[in-house]
Amino acid sequence: ILFDEKSSLYLINSSLDFDNILVKKEYSNVAGESSLLTIENSVLNINNSTFSYGSNKNSTLINSVKSFVKVNSSNLSSFSNNYACVISAYDSNVNVLKSSVASIATTNVNFSCRNSTLKLDDSTCKVTGFNGRIVELFSSNANLNNNTFVAKEIQKQNKNIPLWKDDLSSLSYRNNKVVGF
């Protein structure tokens, strides 16, 4: 599925499964654009698929609100000039297993979670740019096991760290490998 410059997908009160498919949108110039896929009160399953979204300014691949996202054996990427995020979750549950996740931008994050739960297992996550994080948690819970977290071209003097959480968040972190931070 190739999205043109002015298109995106909004899913509300539904369930959608992607299996063995390529979803792509590159170099959007649409002002104020925020995400390729927005889901609200929904279930999104991605299996054995590749999702890629790029924008000249800001890009968020998946914006999840009060939803459930499950990713298995897939490749997810978001890239832009200014800010990139792969999955932004609010009041959501996100499960990622055996997948590859990458974001490229001046400032970027793979997973930004607010009041959410993230389970990330057996995956490779990469950030490339000036400032980057794999996971940021705001009043959220995360369980991260057997992953590889990679930073490329990250400015170490900015004290970049792969994971950040506020005092209201909890983190379980086991057998993860960190490279480049």
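Residues numbered from 1 in each chain as written. Predicted model: local features only at pLDDT ≥ 70, side-chain atom pairs only at ≥ 80, totals over all residues. Heavy atoms only, no water.

(A) A look at the overall build of the protein. Across its full length, the protein carries 0 helices and 21 strands. A buried classification covers 45% of the 181 residues belonging to the protein. Residue pairs in contact within the protein that sit at least 24 positions apart in sequence constitute 74% of those at least 6 positions apart. Carbon and sulfur atoms make up 48% of the accessible area of the protein, which amounts to about 8,500 Å² in all. Across the protein, the mean location of the 17 positive side-chain charges is 7 Å away from that of the 14 negative side-chain charges. (Helix = DSSP H or I, 4+ residues; strand = E, 2+ residues; numbered from the N terminus. Buried < 20%, exposed > 50% of the residue type's maximum accessible area, 1.4 Å probe, protein only. Contact = heavy atoms within 4.5 Å. Areas by Shrake-Rupley, 256 points an atom, 1.4 Å probe, with all protein chains shown as cover. Lys, Arg positive; Asp, Glu negative; His and termini not counted. Charge placed at Lys NZ, Arg CZ, Asp CG, Glu CD.)

(B) Inspection of the environment of Ser 14 at higher detail. Residue position: Ser 14 is located in the loop between strand S1 (9-12) and strand S2 (15-19). With 92 residues separating them in the primary sequence, Ser 14 and Thr 106 have C-alpha atoms 34 Å apart. In this structure, Ser 14 is in contact with Asn 41, Ser 42 and Val 43, ignoring residues within four places of it in sequence. Within the local environment of Ser 14, its side chain forms a polar contact with the backbone oxygen of Ile 12, the two atoms lying 2.8 Å apart. (Polar contact = N/O pair within 3.5 Å; in protein donor to acceptor, adjacent residues only side chain to side chain.)

(C) Inspection of the side chain of Glu 136 at higher detail. Relative to the helices and strands, Glu 136 resides in strand S16 (residues 131-138). Side-chain polar atoms of Glu 136 contact the side chain of Ser 112, separated by 2.8 Å. Setting aside chain neighbours within four positions, we find Glu 136 in contact with Val 109, Phe 111, Ser 112, Cys 113 and Trp 164.

(D) Structural detail: the sheet that holds strand S11 (residues 93-97). Read across the sheet, 7 strands follow the order S2-S5-S8-S11-S14-S17-S20 without closing on themselves; strand pairing throughout is parallel. Two strands lie at the open edges of the sheet, namely S2 and strand S20 (170-174), each paired on one side alone. The average angle at which neighbouring strand axes cross in this sheet is 5°, direction not considered. (Pairing = 2+ DSSP bridges. Axes fitted to C-alpha atoms, helices over the stretch in contact; angles between N-to-C directions.)

(E) Region of interest: the sheet that holds S1. As summarised here, the arrangement of the 7 strands in space is S1-S4-S7-S10-S13-S16-S19, forming an open sheet in which the pairing is parallel. With partners counted over all chains shown, the strands left at the sheet margins are S1 and strand S19 (163-165), one partner each. Mean inter-strand twist for the sheet, computed between neighbouring axes without regard to direction, equals 10°. As judged from the 7 bridges shared by strand S10 (residues 83-90) and strand S13 (residues 107-114), these two strands associate in the parallel manner. In the sheet register, Tyr 83 faces S13, and the bridge partner there is Thr 107.

(F) Geometry of the environment of Leu 168. With respect to the element layout, Leu 168 can be found in the loop between S19 and S20. Given a relative accessible area of 66%, Leu 168 falls into the exposed group. Distance in space between the C-alpha atoms of Leu 168 and Leu 118 is 15 Å, their sequence separation being 50 residues. Contact partners of Leu 168, with chain neighbours within four places excluded, come to Ser 139 and Ser 140.

(G) Focus on unusual backbone geometry. Within the chain, Asn 41 stands out as a residue other than glycine whose phi angle is a positive 50°. Here Ser 73, not a glycine, exhibits a phi torsion of approximately 50°, which is positive. Among the structural elements, Ser 73 can be located in the loop between strand S8 (68-72) and strand S9 (75-80).

(H) Focus on the pattern of salt bridges. Scanning the entire structure with this criterion turns up 2 salt bridges. Of the charged contacts, one joins Glu 136 and Arg 133 as a salt bridge, the two residues approaching to 3.4 Å between their closest N and O atoms. Judged by relative accessible area, which is 12%, Glu 136 ranks as buried. (Salt bridge = Lys/Arg side-chain N within 4 Å of Asp/Glu carboxyl O.)

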